[in-house]
Amino acid sequence: MDLFEYQGKQYFARYGIPVSPGGVADTVEQAVAVADEVGYPVVVKAQVKVGGRGKAGGVKLAADEDELRLHAGNILGLDIKGHVVHRLWIERSSDIAREYYASFTLDRPNKKHLGMLSAQGGVEIEVVAEENPDAIAMLSIDPLRGLDLAAARAWVDEATLDEAAREQAAALLVRLYECYTKGDCDLAEVNPLILTPDGRVHALDAKVTLDENASFRHPEWEEFRATETEDPREKMAKEKGLNYIGLDGDVGIIANGAGLAMSTLDVVNQVGGSAANFLDIGGGANADVMAAALEVIHSDPKVKSIFVNIFGGITRVDEVAKGVLEALSRVTITAPIVLRLDGTNATQGRAILAAHLSDTLITEPTMLDAARRAVALAKA
Amino acid sequence: MSIFVDENTKVIVQGLTGGQGRFHGLRNRDYGTKVVGGVTPGKGGTDVDGIPVFNSVAEAVAATGATASFVVVPPRFAADAIIEAAQGGITFIVCITEGIPAHDEAVTYNRLVEEFPGVRLLGPNCPGIISPGKCNIGITSGDIALAGGPVGIVSRSGTLTYQALYELSSQGVGQTTCVGIGGDPVPGTNFIDCLAAFEADPETKAVMMIGEIGGSEEERAAEWITTHMTKPVVSYVAGVTAPPGRKMGHAGAIISGSKGTAQAKMDALAAAGVHVCQNPTEAGEKMVEIVKALALG
């Protein structure tokens, strides 16, 4: 789960990482109230989960209330690469002497934690990595040992942070690592991490991705969930407990298993179509799950046909077939449905559907045949 | 021959008394796997359909001589269960649990490497391993596998593992062993471990490798294949059309920035001399062709 900047900063604050004083605002009046509290000048920052908001006019400095009203009014409702701004983060403007970069993530090939620290912050780290890789001090951290202050001190030295920043930065990095591990982040990134002219180090931005598998030990994440997705289809799927990702095509996809679902998208694409979604119904799909899946897909007006791709392993195909029929008796689906059913009890499953087959309920023997049929129907 | 397990492998099931543990444990036994015990703290002395249940792995190992464990417990207990298995003397651990926090996986993996270097973990979040006709640990349906070889299968995805088995079995091509390594960010066993074992196994003549988006394991496998693999490899990588930045079900299946795309993986594998196919059916057909050619040769 990706957090908005303001949520990331709130999360950082829980772990004692210094951030600028600020608050969220959904209206111009709220923005003014926050600014009155933290004091001018303030920075008005669009809260969107997409990069490049500064260039798009989503970050502005306001010296007084008039400027704040102007900028807040302009930014609220602004469309940044398809993301409409509904919320602002208003924070006290910081004077910046130097900008650094710091992050922690999983080093998958080495199965250790990877810390990245650079004295060249404020720009995209991918650009630094490409143009000047030596400017990034990489630190491999053994998850069994963690990061202590001594190691953090050596690390800030290696990254050649300014002398004035080193001690505070080392302490901040230890806290950021704690936020990353104890806070169950997949990514905890600060860019820029700043040194102010009066010698203070703090996080001016926050990019946090939480590991949803750890939600069971983080009841405090509940508040982040409400704002997680704006796609109405994804919201609906989430409520129904489905693993769904909205896409732009017109063939609705239902498959069991993430790999098969991905593969289904690929095959639809190979035969000249495009998928409206990714939807993995997981193992043991019963009528409720199938009904929910069909309902979510049907709620998408772009969907012209639906491809149900099931390979029964533990999932029994006869149960899936019953599920489809029961689902169809509960929800009205107008788009034609093409099914490919294989694996455990596939023969029984196909037999259950046999009497119900029609122009809008079709079975095909293979994944490729079914993809071709679903794509043809979507184009018809 | 098979890799990692064979007809003599004695298996205990951690979580045998739970719904899933019972279902899959008994299915594995029905397949012919030597399921010799179960472990559930507090339920020692009972049994599940005749399989004795013990309070701890150590007790189960002492009583049964098991060397393998099938971990089928909820995510929050899985890391501890894996470590308990290693401490109890198990050397091959299969964990099917989905949804273990990544940090727990990283800690568990590193503990195994450091404290129990002789232990192999398969998974988590994997379908398990099947050596057709000999041993089935996990959730793979035994009837889609065909004994006798000559193909080894290694896959990051569950349902695509079944698809691969099915594509081969339905055309009469058997498997030596089929290993599902799972789609999590920190898998205990990776492609290279399996490729190396298949390369060393005289009965395996060719390998089917199923990858997916995310990480760089396929690229690393490609490098290894270039320098070490003499047997033909057929590959399919799922997720060519996956959008960047979105997790596709598996915790590890995400394209970050320009890294982890299916195309990059396919290019790397093709450069390593692997037969890269566009979909599972094509991969199955290619493998059948290779096996027929090997038989003639």
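Owing to the predicted nature of the structure, the values given are computational and were not obtained by experimental measurement.

Caption draft 1: Here's a closer look at the sheet that holds strand S3 (residues 59-62) of chain A. All names here are of chain A. Spatial strand order, S1-S6-S2-S3: four strands in an open sheet with antiparallel pairing. Lying at the two open borders of the sheet, with one neighbouring strand each, are strand S1 (22-25) and S3. Averaged over all neighbouring strand pairs, the angle between strand axes comes to 20 degrees, with direction disregarded. In this sheet, strand S6 (residues 88-92) lies alongside S1 in antiparallel orientation, the contact comprising four bridges. From the neighbouring strand, Gly 23 faces S6, where its bridge partner is Ile 90. Across the sheet, helix H1 (residues 5-14) is in contact with S1, strand S2 (42-46) and S6; its angle to S6 comes to roughly 50 degrees. Against the sheet, helix H2 (residues 28-38) engages S1, S2 and S6, with an angle of about 175 degrees to S1.

Caption draft 2: Structural context of the domain arrangement of chain B. Residue and element names in this part refer to chain B. Parsing chain B into structural domains produces domain 1 (10-122) and domain 2 (141-296). Placing a centre on the C-alpha atoms of domain 1 and another on those of domain 2 gives a separation of 26 Å. Opposite the nine residues of domain 1 that make contact, domain 2 presents twelve residues. Counting the surface lost from both domain 1 and domain 2, the interface buries some 930 Å², and carbon and sulfur atoms represent 52% of this. For domain 1, the biggest contributors to the area lost against domain 2 are Glu 105, Arg 120 and Leu 122; these three give 47% of the whole. On the surface where domain 1 and domain 2 come into contact, there are one salt bridge.

Caption draft 3: Up close: the sheet that holds strand S8 (residues 128-131) of chain B. Residues and elements named next belong to chain B. Strand order in this open sheet of seven strands is S9-S8-S11-S10-S12-S13-S14, and the pairing throughout is mixed. Both edges of this open sheet fall to strand S9 (135-138) and strand S14 (275-277), since each of them pairs with a single strand only. Strand-to-strand, the axes of this sheet are offset by a mean angle of 15 degrees, without reference to chain direction. As judged from the six bridges shared by strand S10 (residues 150-155) and strand S11 (residues 174-180), these two strands associate in the parallel manner. In the strand pairing of S11, Pro 150 is matched with Gly 174.

Caption draft 4: Quick look at the pairing of strand S12 (residues 206-212) of chain B. Residues and elements named next belong to chain B. With respect to burial, S12 is a largely interior element, seven of its seven residues being buried. Side-chain alternation along S12 places Ala 206, Met 208, Ile 210 and Glu 212 on one buried face and Val 207, Met 209 and Gly 211 on a second face that is also buried. By the bridge criterion, five bridges tie S10 to S12 in an arrangement that is parallel. Following the sheet pairing, Val 151 is matched in S12 by Ala 206. Direction of pairing for S12 relative to strand S13 (residues 233-238): parallel, over a ladder of six bridges. Bridge pairing links Gly 211 to Val 237 in S13. For the crossover that starts at S12, traverses helix H7 (residues 217-228) and ends in the parallel S13, the hand is right-handed.

About the thresholds
- Residues numbered from 1 in each chain as written.
- Chains lettered and ligands numbered in written order.
- Predicted model: local features only at pLDDT ≥ 70, side-chain atom pairs only at ≥ 80, totals over all residues.
- Heavy atoms only, no water.
- Pairing = 2+ DSSP bridges.
- Helix = DSSP H or I, 4+ residues; strand = E, 2+ residues; numbered from the N terminus.
- Axes fitted to C-alpha atoms, helices over the stretch in contact; angles between N-to-C directions.
- Contact = heavy atoms within 4.5 Å.
- Domains from an automatic or database assignment.
- Buried area = accessible area lost by both parts, 1.4 Å probe.
- Salt bridge = Lys/Arg side-chain N within 4 Å of Asp/Glu carboxyl O.
- Buried < 20%, exposed > 50% of the residue type's maximum accessible area, 1.4 Å probe, protein only.
- Right-handed = clockwise from strand over helix to strand, strands pointing away.

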